[in-house]
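Examining the three-dimensional arrangement
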Amino acid sequence: MRRGACPTIAAPMPTGDGLLARLTPVATIALGAFAALCRAARRCGNGIIEITARGNLPVRGLRAETTDAFARSIATEAIDLGRVAVLTDPLAGLDSAADVVTLAATLRAALASHLPAAGLSAKVSVAIDGGTALHLDAVAADIRLQAYRHGAYQVAVGGAAADAIALGMVSEADAMAVVLRLVNVIAARGPEARAKNIVQSDGVAVFADAVRELASPAQQVALRAKAQSIGQHALRDGSVAVGLGFAFGHATADALEPLVAAAHQAHAEGLRTAPQRCLLVTRVAPAQVATLVAAAKRLGFVADADDPRLQVAACVGAPLCASGEIATRSLAPDVATAAAALLDGTVAIHLSGCAKGCAHRAAAPLTIVGDRNTCRIILNGAATDMAVAEVPANDLAERLAGLAREAENIAAPGDTASAALARLGRARIACILGAR
């Protein structure tokens, strides 16, 4: 399957364990509806439900004869089946002054009726950031709206908050018209076009010209501290949203259904997805939080922001993915345990089943790539970069544990894990890992 395609209910993607369909939650999913999703995933697929870094829900193992039944089973307004992803910050409507929920819903309806049947990449997305603690600064999007003040939004194109190009400030009344104009610019360039590529090849003028009459000069909008979805988030009505991570982005219906039951016992309103492969249990009474968190931990979900599993990005790998060369999901728990001393927030590990690097496109301090049952280990690079070592998959955890011990031994007082690795140097690291 070529890149650029998105596996939807209407067009699921074939992979190693059947058909994959990716769902896009756009609002709070009622607990009953999420329980129905779990049952449908088990009945129509293999019961595996994942969560992506952008908060989508891929459901695995569907079959050609079950996709229609699955779609009927999950019918809810909280899951969008439209062609353009319109993302909002996970606490939108719960802890923000800007009414981004209404804006996003109106925009989705407008895009559904406005867009031609073809002519726009399935990867095109719009991010609307209402300014809550769980902001979208780290989420890349073709078009970005960030709430500023006095009902104004900064509009930008082509990336995450740090690298997107600001076009100006627009009023809330004009925000939808501005987004539609920018979408038209992208669609006019063909079904493979993305905003970032247009900026790189032709400059930003084509976007700026499209919105010039509606936009005033851009204001300086500061980047915010990294959002952390895992943990407790106080809401304006006095209740709490509890962020729980899927270990390595992966869960099963058999684990999720008891979690839904625990959320029901905690009198929660429902569930939302969030970046960082996280599920938010919304509107939990403060007195019920500890019981809910304890239940989540027993079921294998991540409830602590310092859990080393959060520092390991792992794709689904073999045998579930047809491209996977190693069983990344089986290896990931041992990798996280073996390398725990390195995972202090300054070092992250990308464990990729093949050189496509789907789980983490960018460079990582340690990237491990499957290659015919061996693991290529790359320092400060992406999955396609040159390796410093090759390790048999069944020896990977032991070699990483040895690297962690050496890093601890050489570390100076106050050193971070990344500083200790720098002290070791590439040659010594390659030797420890067993370079060929």
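Everything below is about the structure shown above.
Residues numbered from 1 in each chain as written. Predicted model: local features only at pLDDT ≥ 70, side-chain atom pairs only at ≥ 80, totals over all residues. Heavy atoms only, no water.

Regarding its fold elements, the chain presents 11 helices and 21 strands. For the chain, the spread of C-alpha atoms along the three principal axes comes to 60 × 50 × 45 Å. Surface exposure of the chain reaches about 18600 Å², of which carbon and sulfur atoms provide 53%. Computing the positive centroid from 40 side-chain charges and the negative centroid from 37, the chain places the two 3 Å apart. (Helix = DSSP H or I, 4+ residues; strand = E, 2+ residues; numbered from the N terminus. Areas by Shrake-Rupley, 256 points an atom, 1.4 Å probe, with all protein chains shown as cover. Lys, Arg positive; Asp, Glu negative; His and termini not counted. Charge placed at Lys NZ, Arg CZ, Asp CG, Glu CD.)

Below, the discussion takes up the sheet that holds strand S15 (residues 270-274). Strand order in the open sheet made by the five strands is S3-S15-S16-S13-S12, with antiparallel pairing throughout. What marks the edges here is a single partner per strand, and that holds for strand S3 (29-30) and strand S12 (231-234). For S12 and strand S13 (residues 240-245), the ladder comprises four bridges, and the chain directions are antiparallel. What sits directly across from Ala 234, in S13, is Val 240. (Pairing = 2+ DSSP bridges.)

Let us now look at the pattern of salt bridges. Taken as a whole and assessed by the stated rule, the structure comprises 21 salt bridges. Between Arg 194 and Asp 142 there is a salt bridge; the shortest N-O distance is 2.9 Å. Within this pair, whereas Arg 194 is found in the loop between helix H4 (172-188) and helix H5 (195-202), its partner Asp 142 is found in strand S9 (residues 141-147), the two being separated by 52 residues in sequence. Its relative accessible area of 26% is what places Arg 194 among the partly exposed residues. (Salt bridge = Lys/Arg side-chain N within 4 Å of Asp/Glu carboxyl O. Buried < 20%, exposed > 50% of the residue type's maximum accessible area, 1.4 Å probe, protein only.)

As a further point, take the pairing of strand S21 (residues 389-392). Only one face of S21 is buried: it carries Ala 389 and Val 391, and the other face, with Glu 390 and Pro 392, is open. Both strand S20 (residues 374-381) and S21 contribute to a ladder of four bridges, which runs antiparallel. Residue pairing across strands places Thr 374 opposite Pro 392, the latter belonging to S21.

Note the cis peptide between Ala 318 and Pro 319, where omega equals 0°. With respect to the helices and strands, the residue Pro 319 is situated in the loop between strand S17 (312-314) and helix H9 (328-338). The phi angle at His 267 is positive, at roughly 60°, despite the residue not being glycine. Looking at the secondary structure, you find His 267 in the loop between helix H7 (253-265) and S15. Residues other than glycine seldom take positive phi values, yet Asn 373 does so here, at roughly 70°. Assignment of secondary structure puts Asn 373 in the loop between strand S19 (364-371) and S20.

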